[in-house]
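Next come the chains, spelled out residue by residue.
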Amino acid sequence: MSDPLDPGRAPDLVLASARLPGDHASFDVHVRDGAVSAIVPSRPDVAAAPAGTRVVDLDGRCVIPGLWDEHVHMTQWALASNRLDLSGARSAREAAAVVGSRVTDSHVPGVDGGAGTDGGGAASGAVATLVGVGFRDAVWPDLPSLDLLDGVTRGRPTALISHDLHCVWLNSAAAQRYGVPVDAEGLLREDPAFALTRELGRLPVTVVDPWVQQAGKDAAARGVVGIVDFEMTWNRDAWLRRISGGFAALRVEAAVYAQDLDRAVAEGLRTGLEVAGGGGLLTVGPLKVLIDGSLNTRTAFCVDPYPNGGHGLLTVSETELLALLVQARRAGFVPAVHAIGDAANRVALDAFEAVGIAGRVEHAQFVRNEDFARFARLGVTASVQPAHALDDRDAAEANWPGRTDRSFPLRSLVAAGATLALGSDAPVAPLDPWTAMSAATARARQDGRGPWHAEQALTRQEALTASTRGRGRLRVGDPADIAVLDGDPLTVSDAEFAAMPVAATLVGGRFTHGGL
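Scoring rules and cut-offs
By convention here, each chain's residues receive numbers from 1 onward along its written sequence. It should be noted that, the model being predicted, local features are given only for residues of pLDDT at least 70 and side-chain atom pairs only at 80 or more, the latter also being counted only at that level, while totals for whole chains, interfaces and linings use all residues. To obtain the side-chain values, all non-hydrogen atoms of the structure were included, while hydrogens and water were left out. Here a strand is any run of E in DSSP of at least two residues, a helix any run of H or I of at least four, and the numbering for each starts at the N terminus. We take the radius of gyration over the C-alpha atoms and set the globule estimate at 2.2 Å times the residue count to the 0.38 power. Partly exposed describes any residue whose relative accessible area lies between the buried limit of under 20% and the exposed limit of over 50%, with all areas from a 1.4 Å probe on protein chains only and scaled to the type maximum. Residue contacts follow a heavy-atom distance rule, with two residues in contact if any of their heavy atoms lie within 4.5 Å. Note on areas: Shrake-Rupley, 1.4 Å probe, and residue coverage restricted to the protein chains presented here. Only four residue types enter the charge count: Lys and Arg as positive, Asp and Glu as negative, with His and the chain ends excluded. To locate a charge, the coordinates of NZ of Lys, CZ of Arg, CG of Asp or CD of Glu are taken. Here the nonpolar core consists of buried residues drawn from Ala, Val, Leu, Ile, Met, Phe, Trp, Tyr and Cys, with membership extended through side-chain atoms lying within 4.5 Å. Pairing between strands is defined by DSSP: at least two bridges between the two strands are required. Every angle, taken between N-to-C directions, lies between 0 and 180 degrees, and every axis is a line fitted to C-alpha atoms, over only the stretch in contact when it is a helix. When a carboxyl oxygen of Asp or Glu is within 4 Å of a side-chain nitrogen of Lys or Arg, the pair counts as a salt bridge. To pair, rings of Phe, Tyr and Trp, with the six-membered ring standing in for Trp, must have centres within 6.5 Å; the planes then decide the type, stacked if under 30 degrees apart, edge-to-face if over 60, and tilted in the middle. By the criterion adopted, a ring carries a charge over it if an Arg CZ or a Lys NZ lies within 6 Å of its centre and within 35 degrees of its normal. Polar contact is the term for a pair of N or O atoms within 3.5 Å; when the atoms are in protein, one must be able to donate a hydrogen and the other to accept it, and sequence-neighboring residues count only if both atoms are side-chain atoms. Per-residue confidence from the predictor is reported as pLDDT, which spans 0 to 100.

(A) Local environment of the overall build of the protein chain. In terms of helices and strands, the protein chain carries 17 helices and 22 strands. For 516 residues, the compact-globule estimate of 2.2 N^0.38 gives 24 Å, and the protein chain sits close to it at 23 Å. In terms of principal-axis extent, the alpha carbons of the protein chain reach across some 75 × 55 × 55 Å. Within the protein chain, the proportion of its 516 residues that are buried is 57%. Residue pairs in contact within the protein chain that sit at least 24 positions apart in sequence constitute 72% of those at least 6 positions apart. Accessible surface, the protein chain: about 19400 Å² in total, of which carbon and sulfur atoms supply 52%. Between the averaged position of the 47 positive side-chain charges in the protein chain and that of its 62 negative side-chain charges there is a distance of 2 Å.

(B) How the structure looks around the nonpolar core. Met-74, Trp-239, Ile-291, Leu-321, Phe-333, Phe-375 and Trp-434 are the most contacted members of the largest nonpolar core, which totals 96 residues. Considering each element in turn, this core owes the most residues, 8 residues, to helix 10 (residues 342-355). Excluding anything up to four places from it in sequence, Met-74 contacts Val-212, Ala-215, Gly-216, Ile-227, Asp-229, Glu-231, Trp-239, Leu-250 and Leu-431. Of all hydrophobic cores here, the second largest spans 19 residues; its members include Val-31, Ala-480, Ala-503 and Ala-504.

(C) Here's a closer look at the sheet that holds strand 15 (residues 282-290). Taken together, 8 strands build an open sheet; the order of strands is 6-13-14-15-16-17-18-19 and the sheet is parallel. The strands lining the two open edges of the sheet, one partner per strand, are strand 6 (67-72) and strand 19 (420-422). Strand-to-strand twist in this sheet, taken as the mean axis angle between neighbours without regard to direction, amounts to 25°. Across 5 bridges, the pairing between strand 14 (residues 251-257) and strand 15 is parallel. Residue pairing for strand 15: Tyr-257 is matched across the bridge by Lys-288. Sitting on the sheet, helix 7 (residues 236-244) is in contact with strand 13 (224-229), strand 14 and strand 15, with an inclination near 150° to strand 15.

(D) Just the pattern of salt bridges, in detail. By the definition in use, this model includes 34 salt bridges. In this structure, Arg-136 engages Asp-392 in a salt bridge whose closest nitrogen and oxygen atoms are separated by 3.5 Å. Within this pair, whereas Arg-136 is found in the loop between strand 9 (129-135) and helix 3 (146-153), its partner Asp-392 is found in the loop between helix 12 (387-391) and helix 13 (393-399), the two being separated by 256 residues in sequence. Comparing Arg-136 with Asp-392, the two get one shared label, buried. Residues Arg-471 and Asp-478 are paired through a salt bridge, measuring 3.5 Å at the closest nitrogen-oxygen approach. Connected through salt bridges with shared partners, the residues Asp-350, Glu-353, Arg-368, Glu-370, Asp-371, Arg-374 and Arg-377 form a single ionic network.

(E) A look at the packing of aromatic side chains. Per the counting criterion, the structure on display carries 7 aromatic pairs. Seen in terms of ring centroids, Phe-408 and Trp-452 are 6.1 Å apart; in terms of plane orientation they differ by 65°. Their pairing is edge-to-face. Pair noted here: Phe-408 is in the loop between helix 13 and helix 14 (410-415) and Trp-452 is in the loop between helix 15 (433-442) and helix 16 (460-467), with a separation of 44 residues, a long-range link. Like Phe-408, the residue Trp-452 is buried in the burial classification. By way of ring pairs, the aromatic residues Phe-135, Trp-140 and Trp-169 are connected into one cluster. A cation over an aromatic ring shows up here: Arg-460 above the ring of Phe-497, its NZ or CZ 4.3 Å from the ring centre. It is Arg-469 that lies over the ring of Trp-68; its NZ or CZ is 3.7 Å from the centre.

(F) Molecular detail of the side chain of Thr-299. Here Thr-299 lies in the loop between strand 15 and helix 9 (318-331). Taking relative accessible area as the criterion, Thr-299 reaches 6% and is therefore assigned buried. A distance of 2.5 Å separates polar atoms of two side chains, one belonging to Thr-299 and the other to Glu-190. Within the structure, Thr-299 has its side chain in polar contact with the side chain of Thr-297 (distance 2.6 Å). Discounting chain neighbours no more than four positions away, the residues touching Thr-299 are Glu-190, Asp-292, Gly-293, Ser-294, Tyr-306, Gly-312 and Leu-313.

(G) Representation of the environment of Leu-269 in the model. On the secondary structure map, Leu-269 appears in the loop between helix 8 (261-266) and strand 15. Separated by 250 residues in the primary sequence, Leu-269 and Arg-19 have C-alpha atoms spaced 40 Å apart. Ignoring anything within four residues of it in the chain, the contact list for Leu-269 reads Trp-234, Arg-236, Ala-264, Val-284, Ala-331 and Phe-333.

(H) Main features of the sheet that holds strand 20 (residues 482-485). Spatially, the 4 strands line up as an open sheet ordered 5-20-21-22, and their pairing is antiparallel. With partners counted over all chains shown, the strands left at the sheet margins are strand 5 (62-65) and strand 22 (510-513), one partner each. Going across the sheet, the axis of each strand differs from the next one's by a mean of 30°, ignoring polarity.

(I) Structural context of unusual backbone geometry. Omega for the peptide link from Ala-426 to Pro-427 comes to 15°, which places this bond in the cis form. Of note in this structure, Leu-165 is not a glycine but carries a positive phi near 70°. Position of Leu-165 among the secondary structure elements: in the loop between strand 10 (158-162) and strand 11 (167-170). Phi is positive for Ala-364, which is not a glycine, with a value near 45°. For Ala-364, a relative accessible area of 1% puts it in the buried group.

(J) Up close: the confidence of the model for the protein chain. Mean pLDDT over the protein chain works out to 92, with 93% of the residues at or above the 70 mark. Within the model, the stretch residues 105-115 combines pLDDT values under 50 with 23 contacts to residues more than four positions away or in other chains. Taken as a whole, residues 119-124 scores under 50 in pLDDT and shows 12 contacts with residues more than four places along the chain or in a different chain.

(K) How the structure looks around helix 15. Among the 10 residues in helix 15, 9 count as buried, and that is most of the element. Of the positions making up helix 15, those classed as buried are Pro-433, Trp-434, Ala-436, Met-437, Ser-438, Ala-439, Ala-440, Thr-441 and Ala-442. A distance of 3.0 Å separates the backbone nitrogen of Trp-434 from a side-chain oxygen at the start of helix 15, and that oxygen is part of Asp-432. Following helix 15 by one or two positions, Arg-443 adopts a phi angle in the positive range, close to 55°.

Printed below as a string of structure tokens:
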């Protein structure tokens, strides 16, 4: 296929009458060979640009560097958009009632074959598995159970995936179909839950790829130019297929998981390597290592015990983590270590220090006071998802009582000199950087509920910088990955900032949304 970003195939471009955030002056942004070549005061004769130059009048709109979502599970996000939504359920019984309202006669083959179903594991002609997403049992007043789900599903295989992907609630029919043991809770957690989630996603590419294509277009419409995709599989080949099939909305950095590191090394991959055949859009991402669980499942590894006992789980031993980071250093991979609990963050930072390698901690939701400065000193980026602070505030107060001043600690990290990278963890939160930046700056939603630990808020400029790979403002020499906004992100109201209208998005000087 042709390279969609090949500058030889696109004319030069001038974005005329643009504004930079916080500045009332008018500028013309010149793009050449896929990069920003000049930012100059607007000229009335810009329409007389050289032949072959396209001039687009922005009419005073703001331009910023294109936005990155630094933590996405892209296939899961696309699937979740087409599954039964349980995010509004306030109890196990409410969730079961939502499921029960969807269930039809499970003896009719192929029933309800649209949204909310997956066919993985079902024999030809068998009823499809009903799949729901987004439940939050950590704040429910009652508990999930096998009997409760069996009572509303009438024998139809049903699997419900928690909002953080670390837990799956099954009925007996689904447990039998997928050959997984469950107890009276009907719950799978951590690795067994991940394995079943992967199995539930084994749909035909003719189904999944168009959903991913649409998800990419939706992200571009929010000003997104790139994602780091942490889909829990060997992901390179799926993206090569999608790009060859016409996906061109975003740049993608495809992460590699520890179980695939040997394969990646054998194939000559390393973080930052552009993948041949990826149309200039696909590069190799970091090495993902999960070392603890999540807050929702009470498996995040913590110094202090949870109210109901236990410290959570360290799913990779300190010795194993050291060995993986040594291997990553030798192979040219940047480690991205999933650590949510404060004990897990300590273990991750200890490993980075011992091996002498920089990298990323994914989530950093709960951090000891003495560890904030270590992020900066060790060159470890805190890859954080601010929307989780609002989703999980009640769960945090319940499970980390008296210590939530250091949970989702954005200001504390910045004050200590750490570098932040903002993301969504979609489908845990929407793939929308404005949702993340709004949560980071307001520490509240537009729902009337007051801010939560407002002392941990970022400024708008800090949030933009953490969402644009440290750029913050458009600069000469940057790739022409640009978002064009209908408002000034530094001055609009909180509500307007959260729902920022994006007029256009460009990747390498090519419009991926809008076009004006």
